[in-house]
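Geometric and topological summary
Residue strings, one per chain:
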Amino acid sequence: MSLADRVAEVRERMAQAATRSGRPASAVQLVAVSKYVDAAIARQLVAAGCLDLGEARPQELWHKAQALADLTVRWHLVGHLQTNKVRRTLPLVELIHSVDSARLLDAINEVAPADRPARVLIEVNTSGDASKHGLPLKEVEPLLVQIDHWPHVRVCGLMTMAAREGGFDIARRNFADLRNLRDTLKPRVPDGVALDELSMGMSDDYEIAIEEGATLVRVGSVLFE
Ligand SMILES: *Cc1c(COP(=O)(O)O)cnc(C)c1O
């Protein structure tokens, strides 16, 4: 199967999962994670219609954004962002999926221009897996109620990664926990916070994530196998 065929298959499965969740296919966006491939293959992804590309490491994102500067790509940082890399990353990205501290919000707020607020998701550790980044569920609301401290940041939603162990039932529970947190917080957070986006689901579990309400799925390896 060609890369374009694999992209088409993922899109088809996404559409079917969206239907099962009572939503149109257009309600869920594919972020093709290009971290496993070089810029030439990433270019083929764009040719196959993937205009949203994700990278886990800021340096790799800088590199590919430069290599593909002639294309219209919306870059997503899906992995951890260190405060010292904010300045170089921010102008390149459409959305940062992985904000999990007030300190990082401080750094982003300082760099983001007032007329182009940085769009971010808050990463939540729904699995309790100590090796994962993300705020514990209980710490999300205390952070969001302080959002006025960061006027140059727009929180657009939440992101999570499912537990590595435990299979699909646990993954589904992790995704449902993120959706339930969003539903609980939505009426309680300040006006400047929109919680419309739920970034959840990767190659192994994106269909489950969509059934549980994902609006963004971050799919990598299954596109390249
Ligand atoms: C690598 C990565 C993905 C994509 O994972 P696959 O299982 O290869 O689809 C998604 N999200 C994050 C944060 C990643 O680091």
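Heads up: the structure comes first, above all this text.
Residues numbered from 1 in each chain as written. Predicted model: local features only at pLDDT ≥ 70, side-chain atom pairs only at ≥ 80, totals over all residues. Heavy atoms only, no water.

On to the overall build of the protein. Secondary structure assignment for the protein yields 8 helices and 8 strands. Over its C-alpha trace the protein gives a radius of gyration of 17 Å, about what one expects of a compact globule, namely 17 Å for 225 residues. A burial count over the protein gives 49% of its 225 residues as buried. As presented, the protein carries roughly 10600 Å² of accessible surface, and 49% of it is formed by carbon and sulfur atoms. With 27 positive and 31 negative side-chain charges, the protein shows a spacing of 2 Å between the two charge centroids. (Helix = DSSP H or I, 4+ residues; strand = E, 2+ residues; numbered from the N terminus. Rg over C-alpha atoms; globule rule 2.2 N^0.38 Å. Buried < 20%, exposed > 50% of the residue type's maximum accessible area, 1.4 Å probe, protein only. Areas by Shrake-Rupley, 256 points an atom, 1.4 Å probe, with all protein chains shown as cover. Lys, Arg positive; Asp, Glu negative; His and termini not counted. Charge placed at Lys NZ, Arg CZ, Asp CG, Glu CD.)

To continue, consider the pairing of strand E1 (residues 29–33). With respect to burial, E1 is a largely interior element, 4 of its 5 residues being buried. The sheet contact formed by E1 and strand E2 (residues 52–55) spans 2 bridges and is parallel. By the bridge assignment, Val33 is partnered in E2 with Gly54. As a crossover connection, the stretch from E1 through helix H2 (residues 39–47) into E2 is right-handed. (Pairing = 2+ DSSP bridges. Right-handed = clockwise from strand over helix to strand, strands pointing away.)

Within the largest apolar cluster, 64 residues are counted, with the highest numbers of intra-cluster contacts made by Leu53 and Ile108. Excluding residues that lie within four positions of it along the chain, Leu53 makes contacts with Val31, Ala32, Ser34, Ala42, Leu45, Val46, Leu68, Val73, Arg74, Trp75 and His76. Core analysis: the next-biggest nonpolar cluster, separate from the first, contains 6 residues, Val31, Cys156, Met159 and Leu216 among them. (Core = buried A, V, L, I, M, F, W, Y, C linked by side-chain atoms within 4.5 Å. Contact = heavy atoms within 4.5 Å.)

Those residues of H2 that fall on the buried side of the exposure criterion are Ala39, Ala42, Leu45 and Val46. End-on view of H2: buried residues confined to an arc of 100 degrees, all on one side of the axis. Remark: Gly49 follows H2 within two positions and exhibits a positive phi of approximately 100 degrees. (Arc of directions from axis to C-beta.)

A separate point is the site of the ligand. Around the ligand, the surrounding shell consists of Val33, Lys35, Tyr36, Ala56, Val78, Met161, Met202, Ser203, Arg218, Val219, Gly220 and Ser221. At 2.9 Å from a nitrogen atom of the ligand is found a side-chain nitrogen or oxygen belonging to Arg218. Within the side chain of Ser221, a nitrogen or oxygen atom sits 2.8 Å from an oxygen atom of the ligand. Look at the ligand: alone it shows 390 Å² of surface, and the protein chains cover 90% of it. (Near = heavy atom within 4 Å. Polar contact = N/O pair within 3.5 Å; in protein donor to acceptor, adjacent residues only side chain to side chain.)

Let us look at the pattern of salt bridges. The final tally for this structure, using the stated rule, is 15 salt bridges. One salt bridge connects Arg20 with Glu211, and the closest N-O pair in it is separated by 2.8 Å. Of this pair, Arg20 sits in helix H1 (residues 3–20) while Glu211 sits in helix H8 (residues 206–211), and the two are 191 residues apart along the sequence. For Glu211, a relative accessible area of 26% translates into the label partly exposed. By sharing partners, the salt bridges in this structure join Arg20, Arg172, Arg179, Glu211 and Glu212 into a single network. (Salt bridge = Lys/Arg side-chain N within 4 Å of Asp/Glu carboxyl O.)

On to the environment of Arg172, then. Secondary-structure assignment places Arg172 in helix H7 (residues 167–185). Classification of Arg172 by relative accessible area gives partly exposed; the value is 30%. Polar side-chain contacts of Arg172 include one of 2.8 Å to the side chain of Glu211.

Attention now moves to H7. Given a rise of 1.5 Å per residue, 19 residues ought to cover 27 Å, and the 28 Å separating the end C-alpha atoms of H7 matches this to within 8%. Among the residues of H7, those classed as buried are Ala171, Asn174, Phe175, Ala176, Leu178, Leu181, Arg182 and Leu185. For H7, the secondary structure elements touched by its buried residues are strand E5 (118–124), helix H6 (140–144), strand E6 (153–160), strand E7 (197–199) and H8. (Expected span 1.5 Å × (residues − 1).)

From the geometry alone we can't say anything about function, so treat these as descriptive.
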